[in-house]
Protein chains: 2
Amino acid sequence: MPKQPDPARRSERSRQAILDATRELVSEVGYAKVSIEAIAARAGVGKQTIYRWWRSKGAVVFDSFLALSDAGEGDLALPDTGDIEADLKAVMRATVAEFADPAFSAPIRALNMEIIGDPGLAAQYLEKLAGPLDEAKKARLRSAQQAGQIAPDADLDLALELLYAPLYQRWLLRSGPLTPEYADALVDLTLKALRPSARP
Amino acid sequence: MPKQPDPARRSERSRQAILDATRELVSEVGYAKVSIEAIAARAGVGKQTIYRWWRSKGAVVFDSFLALSDAGEGDLALPDTGDIEADLKAVMRATVAEFADPAFSAPIRALNMEIIGDPGLAAQYLEKLAGPLDEAKKARLRSAQQAGQIAPDADLDLALELLYAPLYQRWLLRSGPLTPEYADALVDLTLKALRPSARP
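Attention here is on the structure that accompanies the text. Remember, it's a predicted structure, so these values are computed and weren't measured experimentally.

Comments concerning the interface of chain A and chain B
Taken together, the contact between chain A and chain B spans 32 residues of the former and 32 residues of the latter. Across the chain A/chain B interface, buried area totals approximately 3,100 Å², and carbon plus sulfur atoms make up 69% of it. Summed over the shared surface of chain A and chain B, the number is two salt bridges. A salt bridge links Glu161 of chain B to Arg170 of chain A; its shortest N-O distance comes to 2.9 Å. The interface formed by chain A and chain B includes 12 residue pairs in polar contact (both at pLDDT 80 or more). Among the elements that take part in the side of chain A that touches chain B, helix H8 (residues 156-173) of chain A stands out by supplying 11 residues, more than any other. For the side of chain A that touches chain B, a count of residues per class yields 21 nonpolar, four polar and seven charged.

The structure is reproduced here in structure tokens:
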């Protein structure tokens, strides 16, 4: 048991209130018009409380979106049962379900529209949000490489694009259904592309 | 030789002026604020001239973007030399070069931001612009299926997503370089995923 439970609890409540306020404001007014002042006012904290944990608006915005998914719990690692197909299907089915859910996807869509129009914000997004998630995914692909389930010379950045970009595009353009079967089909095709060459 | 060359030439000049004006206006003020009146004024034609060729604002906007690429010449067919790998690499290298060129990609980016935020516009985009292009690409994949270069049961819609969505995502998020090598790598991986099963 910690010696001072109350300050720790208060601290966690403030952090949550800041993340919630940030996400709400981005959805309501767009990234460009969100200010640290507005976040502080809505979260009921002082500006200094925000700056104690985050260096910039970009940092708190991307943390607030990271907190939306399970990955926000701090552990970004993918499941590793030893079966890359089963593990990727579980992860992709969960991702497809998230994007099919308007409560999750509406603020992410608002953020994506800003990122697409703003190269500086795109760079921050890649560094602070997509980068850490991609590293966690590549760690799982690397373990599959070591197990001989993926070709040793596979380009893992390209592998992630193959796996996730079709889902991203289908969601952005609303060009097809987001279903568990779609998640499975993406995993099957990607693993076929990444499979080690058969020995002669 | 046509009997009346002058009206035909004048007609083609008007059509080009309308398409150019449309694209300029979408880039300058965004899709939502473009009107048929504004297009007519900038192109130096009457509104009725536009309505003679296009039923709606969406129709002329998507035609104006279709006209940007080679596909706009009216022939959407992909090359068919009998070698699907060579043909797809030629097409993907050309596509990557277009997206790497700001003169081509800036108006397309503006249009994409509108499409992503507007489900109705997305549906029009899929029907009028992406749909015809996708059908032409699928026709080439189908001929590769008949030649035994692609699995007979391959899902060709999914195949197109695998081939193009990584490029689209990389361009939208500016997450990596758009190079001929990248085009080739996407074709190699996609064809590996689509390859017919080896006979036992």
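Some thoughts on the packing of H8 of chain A against helix H9 (residues 180-194) of chain B
Contact pair H8 of chain A / H9 of chain B: the axes reach a minimum separation of 11 Å and the direction vectors enclose 65°. Considering the relative orientation of H8 of chain A and H9 of chain B, their crossing is right-handed. Where H8 of chain A approaches H9 of chain B, its residues Leu158, Glu161 and Leu162 of chain A are matched on the opposing element by Tyr182, Ala185, Leu186 and Leu189 of chain B. Grouping the constituent residues of the contact of H8 of chain A with H9 of chain B by class yields six nonpolar, no polar and one charged.

Concerning helix H8 (residues 156-173) of chain B
All names here are of chain B. A rise of 1.5 Å per residue sets the reference length of H8, with its 18 residues, at 26 Å; its end C-alpha atoms lie 25 Å apart and thus fit the reference within 8%. Maximal helix bending in H8 amounts to about 40°, located at Tyr164; proline Pro166 follows within four positions. Along H8, 17 of the 18 residues are buried, which leaves the element largely enclosed by surrounding structure. The first or second residue beyond H8 is Arg174, which carries a positive phi of 50°.

Rules and cut-offs
- Residues numbered from 1 in each chain as written.
- Chains lettered and ligands numbered in written order.
- Predicted model: local features only at pLDDT ≥ 70, side-chain atom pairs only at ≥ 80, totals over all residues.
- Heavy atoms only, no water.
- Contact = heavy atoms within 4.5 Å.
- Buried area = accessible area lost by both parts, 1.4 Å probe.
- Salt bridge = Lys/Arg side-chain N within 4 Å of Asp/Glu carboxyl O.
- Polar contact = N/O pair within 3.5 Å; in protein donor to acceptor, adjacent residues only side chain to side chain.
- Helix = DSSP H or I, 4+ residues; strand = E, 2+ residues; numbered from the N terminus.
- Nonpolar A, V, L, I, M, F, W, Y, C, P; charged D, E, K, R; others polar.
- Axes fitted to C-alpha atoms, helices over the stretch in contact; angles between N-to-C directions.
- Left-handed = near helix turned anticlockwise from the far one by under 90°.
- Expected span 1.5 Å × (residues − 1).
- Bend = angle between axes of the 7 residues up to and from the residue.
- Buried < 20%, exposed > 50% of the residue type's maximum accessible area, 1.4 Å probe, protein only.

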